[in-house]
Structures are given as C-alpha cells and as structure tokens.
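If you want the building blocks of each chain, they are given just below.
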Amino acid sequence: MSDFVDHRPGPGNELRLALAFLTRMPVRLPAHVAETPLAAAVRGFPLAGAAVAVVGALAFAVVWTVGLPASLAGYVAVAAMAAFTGALHEDGLADFADSLGARDPAKRLAIMRDSRIGTYGVLATVLAVSLRAGALAYVADPIEALFLLLAAAAGSRACVAHAMHVLPMARADGLAHAAGRPPRARMLDAMAIGTAFAFLLGPLGAAFAILAAAAATLAVERLARAHVGGQTGDVLGAVQQAAEVAILCAALAASSWW
C-alpha cells in the first residue's frame, strides 16, 4: 500500500497545520484538520518559514536600532527564530549528527531517539548557529536581513518537503512515519513557493541560493539513505538546517560578485 498522503485540507488549513507543527505559534485547528497528516500541509511549510523569518528579522531590527553591531544582531535573530520554533530543527540536526558516530543503522536510529546530546550533536549545532548568525553579520540593514531570512527560512522548509517525498521511511513508527509522504504535485508546489522567496535576493543571489540549497538537501538525503535507510523527524530537521545554512552562505557569496 502507498504511504503517500492524499488529504486536501485546503490552503488556509494547510498553513494553519504547518504553523501549528513547525512553530510555537498558538494556532487553533478544527478537529478534522488536527487529525490530518502533516505531509498534506507541505505547501504551507515555506509560508510557515516566512513567519519564522519575520520573527528573526524583527529581533535583528531591534538590536540594530539600539546601535549594537550586526554580528550581535545576527545571533539574537537566530535565537529568536529558535525560540519561535522550539528549536525543532536544531534538535533534529543534533540527533542526526550524533547518530553518525555509530557503526550500524539500528544503533544510529536508537541514538536519534536518545534525549541526550553528544559531541557530534553539540558541534553540529554550534556550527549551524554560528554560520547562520555569521552570514547575517554582513547585511547592510534590517531590510536586507529580512529578505535574506525570508529566502533562507522559506526555502529551507521547502527542501524539507522534497526530503519527505523522496526518502523512504526509516522506521515503521515515529514522527516522520506519522507525518506521511506528500504527493509529487504538492511537493513541487512547496518547492515553487520556496523558490519564489529566493528571488528576494536578486537573480544572481537566487541562483546561488537555489543551487546551494539543492546541493545541501541532496547531500543530507544521500547520507540519510546510506546511514539510517531513509527519513526520520531528525533527518528532516537536519535537511532544514543544512539548507538554511547553505542559502545564507550562498547569498553572502553572491553579494561578493557584485
């Protein structure tokens, strides 16, 4: 039997479901929507990412306005976004990184379910936070920070939709299994929305960002197939973090070409 999700909750309910799961925003869901598998809402993922970006950009603007340097504003923005999402994706990245130190897939899956964090997880999280905040340190003003964060947060969550579609389930239970797999058409819609946000960076910035996000997503997907046999919730978190870092760094690289 196919594990692709064919529910159609409607665009508004898709966004509500995405916000309810991907952020800490208090969203009231009708009973029939709350019972809908998350994969049905992937078109709302990049829009939920845009909401996360706005939170980060507002935090950046506050720090910038009081006269503190952009390097500090970048860290505050990343912290605000993590607080808004409950560090959902950072936690996934840490668990997935820790699992890579094990020798066999069963052990790796067990490590990802362990609430403790190890050296690999700490290192991966520190690197991801530092790279994201470091990229923001080079923006010219809060408006540029907003555009950069919109492209990165929305685009990276569209990449999650791709991973949900192409990767098989690594477990017969767990978060990813409950979420299901989105149909191809719905995944492509999510990717198109995420791509549209990339053009806030201009044509060259968008090209750099799209290529970098694709490379990061495919790299994590390949690693997940080889090491754990497919997707878990932690793998999806790692995809989001890798793609967001890639977009931010690619946008910075593109700006140096002007």
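Preceding block: the structure.
Remember, it's a predicted structure, so these values are computed and weren't measured experimentally. (Residues numbered from 1 in each chain as written. Predicted model: local features only at pLDDT ≥ 70, side-chain atom pairs only at ≥ 80, totals over all residues. Heavy atoms only, no water.)

### Comments concerning the overall build of the protein
Part 1 of the reasoning: When helices and strands are counted, the protein shows 12 helices and 0 strands.
Part 2 of the reasoning: In terms of overall dimensions, the protein is globule-like: its C-alpha atoms have a radius of gyration of 17 Å, near the 18 Å expected for 258 residues.
Part 3 of the reasoning: Over its C-alpha atoms, taken along the principal directions, the protein stretches across nearly 55 × 45 × 35 Å.
Part 4 of the reasoning: For the protein, with 258 residues in total, the buried portion stands at 50%. (Helix = DSSP H or I, 4+ residues; strand = E, 2+ residues; numbered from the N terminus. Rg over C-alpha atoms; globule rule 2.2 N^0.38 Å. Buried < 20%, exposed > 50% of the residue type's maximum accessible area, 1.4 Å probe, protein only.)

### With respect to a nonpolar patch on the surface
Part 1 of the reasoning: A contiguous nonpolar patch, built from Val62, Val66, Leu68, Leu72, Tyr75 and Val76 and spanning about 510 Å² of accessible area, is present on the exposed surface.
Part 2 of the reasoning: Per-element accounting of the nonpolar patch gives the leading share, 3 residues, to helix H4 (residues 70-85).
Part 3 of the reasoning: If you trace the backbone, Val76 turns up in helix H4.
Part 4 of the reasoning: When its relative accessible area of 31% is taken as the criterion, Val76 is described as partly exposed. (Patch = residues over 30% accessible without salt bridge, like charges linked within 9 Å, V, L, I, M, F, W, Y side chains within 5 Å. Areas by Shrake-Rupley, 256 points an atom, 1.4 Å probe, with all protein chains shown as cover. Salt bridge = Lys/Arg side-chain N within 4 Å of Asp/Glu carboxyl O.)

### What about the nonpolar core?
Part 1 of the reasoning: If you look at the biggest cluster of nonpolar residues, it comprises 66 residues, and the most contacted ones within it are Phe45, Phe60, Phe96, Leu136, Met164 and Val228.
Part 2 of the reasoning: At 12 residues, the largest contribution of residues to this core is made by helix H8 (residues 142-166).
Part 3 of the reasoning: Once residues lying within four places of it in the same chain are set aside, the contact partners of Phe60 are Ala70, Ala73, Gly74, Ala77, Leu136, Val139, Asp141, Pro142 and Ala145. (Core = buried A, V, L, I, M, F, W, Y, C linked by side-chain atoms within 4.5 Å. Contact = heavy atoms within 4.5 Å.)

### A word on the packing of aromatic side chains
Part 1 of the reasoning: One pass over the structure, following the stated rule, counts 1 aromatic pair.
Part 2 of the reasoning: Plain terms: the ring middles of Phe60 and Trp64 are 5.9 Å apart, the flat faces sit at 25° to each other, and that makes the pair stacked. In this pair, Phe60 and Trp64 are both assigned in helix H3 (residues 45-65), 4 residues apart and thus about one turn of the helix distant. (Phe/Tyr/Trp six-rings, centres within 6.5 Å; stacked < 30°, edge-to-face > 60°.)

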